[in-house]
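# Residue-level structural notes
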Amino acid sequence: MANISPGISTLTRIAEILAIAGGMLLAHQIHPIGDPASLAISALLGAIVYSFAAELTGAYGELRLRPFIIEARRVLGAWILTFLCLVLISWALKSTAAFSRLQIGLWIVIGAAMLLGSRWSIRALLRVHRRQGRNQRHAVLIGAGDLARQWVQTINAYPELGIKPVAAFDDDPAKIGGMCGGVPVLERCAQAVRYVNEHRVPMVFVALPLRAEERMHFVLGQFLKSPANIYIIPDIFTFELMNLNAFQVGGTPVIALSASPMSERKIILKRAEDLLLGTLALIVASPLMLLIALVIKLTSPGPVFFRQWRHGLDGEEIRVWKFRTMRVTEDSREFRQAVKNDCRVTPFGAVLRRTSLDELPQLFNVLDGSMSLVGPRPHPVAQNESFRRLLPGYIWRLKIKPGITGWAQINGWRGETDTIEKMEQRMLHDLHYIENWTLSFDIWILWMTIWRGFMNTNAY
């Protein structure tokens with residue numbers, strides 16, 4: 001059940017090839033320039049590269065169990081990665097001059113819209129198909145408590161999954177004969193195997209509390225002789241956890257309750273993004289950085305740059321580069337946050353801080369691997385030590401590399417954190433970013449950072 005079915009997978013791939021080719025055709029119709037044969041080859045190459053990129057971003061895996069927004073982010077991430085690869089190929093072959101920038105830009109926009117449209121259409125067809133009672137997978141529940149009721153509500157909220165709970169079993173006599181989220185509770189758990197085998201139910205979900213260990217062992221033992229697929233719904237959702245990740249250690253199943261959601265594939269992809277876009281950003285920003293360095297030297301005594309201790313990935317201490325904005329260079333592990341009308345800030349430094357231009361040297365941190373372009377902002381060591389005791393889950397911000405900009409920053413949670421409520425909002429936004437990271441999410445944050453500008457009234 002976890003993977004997309006072969007028929008739907010084939011339909012999806014064909015639809016996406018047509019979307020990419022159709023996007024190029026429409027772009028050529030809008031801006032008719034260039035050799036049609038070369039454009040056709042480019043579209044074919046784009047479709048081939050996209051198929052690999054989509055595998056890399058996970059756009060073809062486990063999507064029937066996820067909402068469309070997750071699928072859309074993965075598709076856009078694959079399409080952006082495809083474009084970057086095509087640009088590198090064109091640059092290597094010295095053929096970039098053969099293409100119209102406007103035409104390629106139209107292809108990117110139209111292609112993205114058509115890719116998302118094809119995915120949405122397939123989902124809509126499946127939703128209609130399954131709501132008509134076809135392609136349904138019947139399921140049985142073992143347990144009829146709050147956990148089972150929550151699971152039924154979740155399944156009902158996503159009809160496109162095509163899962164239909166038909167019966168529940170529980171050992172509590174008071175529940176037998178009643179309903180569990182609209183599902184009838186028929187008999188005791190021991191009778192579930194007979195029902196499943198007689199009705200050929202393909203899926204069984206065990207929703208027993210953690211304290212029912214003996215009952216769970218008994219049920220699982222009973223189902224060893226059943227062809228049904230057994231799934232355990234872990235009774236751990238009442239805890240405030242950042243990420244759940246199941247894997248094996250020496251053949252033993254292990255569930256990580258608060259591990260980083262960044263798989264090795266995601267880490268490689270994010271590092272490639274940082275190296276490529278970070279290098280381009282440094283090239284573009286170099287003239288401005290030289291001008292800022294000159295003004296700093298002319299307007300106040302002291303060094304142009306200074307480095308401050310911050311917490312990086314997994315709590316490792318890193319030295320973060322910044323333009324000097326104060327009359328002092330406080331680079332120790334002690335921390336005193338800048339406030340409004342801070343006497344330590346120079347006049348030009350105030351401009352740099354208000355526009356976030358003082359953080360441009362952190363591109364060096366991005367290239368050396370201690371930071372990322374996008375991620376939770378790195379806080380001073382002393383500030384982290386203070387808030388980790390006040391906010392449960394605060395330290396989970398360190399499960400990913402810190403960034404120059406982030407989800408919290410583009411949503412207005414930047415600058416002085418003089419109250420615990422402000423830091424809590426920043427933390428919640430950072431955790432949302434970590435849990436939902438995709439390449440397209442990063443691109444969106446970078447775009448919004450540029451679109452909304454660097455000005456911020458909360459930065460002193």
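Keep in mind it's a predicted model, so treat the numbers as computed, not measured. (Residues numbered from 1 in each chain as written. Predicted model: local features only at pLDDT ≥ 70, side-chain atom pairs only at ≥ 80, totals over all residues. Heavy atoms only, no water.)

## Concerning the nonpolar core
Y50, W107, F323 and Y433 are the most contacted members of the largest nonpolar core, which has 60 residues in total. For Y50, the residues in contact, after removing those within four places along its chain, are E16, I20, Y60, V75, A78, W79, T82, L115 and R119. (Core = buried A, V, L, I, M, F, W, Y, C linked by side-chain atoms within 4.5 Å. Buried < 20%, exposed > 50% of the residue type's maximum accessible area, 1.4 Å probe, protein only. Contact = heavy atoms within 4.5 Å.)

## A few points about the pattern of salt bridges
Following the criterion strictly, the structure yields 13 salt bridges and no others. Here E71 and R123 are joined by a salt bridge, their closest N and O atoms 2.5 Å apart. Highlighted residues: E71 in helix α3 (residues 68-92) and R123 in helix α4 (residues 101-131), separated in sequence by 52 residues. There is no split in this pair, since E71 and R123 are both buried. The shortest N-O distance in the salt bridge between D146 and R149 comes to 2.9 Å. Residue D146 and its partner R149 are both found in helix α5 (residues 146-157); the two are separated by three residues, about one turn of the helix. A network of salt bridges, in which partner residues are shared, links E16, E71, R119 and R123. (Salt bridge = Lys/Arg side-chain N within 4 Å of Asp/Glu carboxyl O. Helix = DSSP H or I, 4+ residues; strand = E, 2+ residues; numbered from the N terminus.)

## Structural notes on the confidence of the model for the protein chain
With 83% of its residues at a pLDDT of 70 or more, the protein chain has an overall mean of 81. Of all the helices and strands in the protein chain, strand β7 (residues 245-249) carries the lowest mean pLDDT, 54, while strand β11 (residues 372-374) carries the highest, 94. (pLDDT = per-residue confidence, 0-100.)

## Structural notes on the side chain of R119
Position of R119 among the secondary structure elements: in helix α4. Among the residues examined, R119 registers a relative accessible area of 3% and is labelled buried. There is a polar contact of 2.8 Å between the side chain of R119 and the side chain of E71. (Polar contact = N/O pair within 3.5 Å; in protein donor to acceptor, adjacent residues only side chain to side chain.)

## Description of helix α6 (residues 192-199)
Among the residues of α6, A192, V193, Y195 and V196 are the ones counted as buried. When α6 is viewed along its axis, its buried side chains cluster within an angular range of 165° and face the same direction. Contacts from the buried residues of α6 go to β1 (137-142), β2 (163-169), β5 (203-206) and α7 (213-222). Directly beyond the C-terminal end of α6, a positive phi value near 55° is found at R200. (Arc of directions from axis to C-beta.)

## A closer look at the packing of aromatic side chains
Under the definition given, this model contains eleven aromatic pairs. Between W79 and W107, the ring centres sit 5.4 Å apart and the planes meet at 90°, which makes this aromatic pair edge-to-face. Taken as a pair, W79 in helix α3 and W107 in helix α4 lie far apart in primary sequence, 28 residues in all. For W79, a relative accessible area of 5% puts it in the buried group. Residue class for W107 comes out buried when judged on its relative accessible area of 5%. Ring centres 5.2 Å apart and planes at 20° place the aromatic pair F305 and F323 in the stacked group. Taken together, the residues F305 in strand β9 (residues 305-311) and F323 in strand β10 (residues 317-323) connect sequence positions 18 residues apart. According to the relative accessible area criterion, F323 is buried, its value standing at 0%. A network of ring pairs unites the aromatic residues F305, W321, F323 and F364 as a single cluster. Above the plane of the ring of F441 lies R73, whose end atom (NZ or CZ) is 4.3 Å from the centre. (Phe/Tyr/Trp six-rings, centres within 6.5 Å; stacked < 30°, edge-to-face > 60°. Lys NZ or Arg CZ within 6 Å of the ring centre and 35° of its normal.)

## Remarks on the sheet that holds strand β6 (residues 229-232)
Hydrogen bonds between backbone atoms are what pair the strands of a sheet, whose relative direction is either parallel or antiparallel. In spatial order, the strands read β2-β1-β5-β6; together these four strands make up an open sheet with parallel pairing. For this open sheet the edge positions go to β2 and β6, each flanked by a neighbour on one side alone. For this sheet, the mean angle separating the axes of adjacent strands, direction not counted, is 25°. Pairing geometry for β1 and β2, over six bridges, is parallel. (Pairing = 2+ DSSP bridges. Axes fitted to C-alpha atoms, helices over the stretch in contact; angles between N-to-C directions.)

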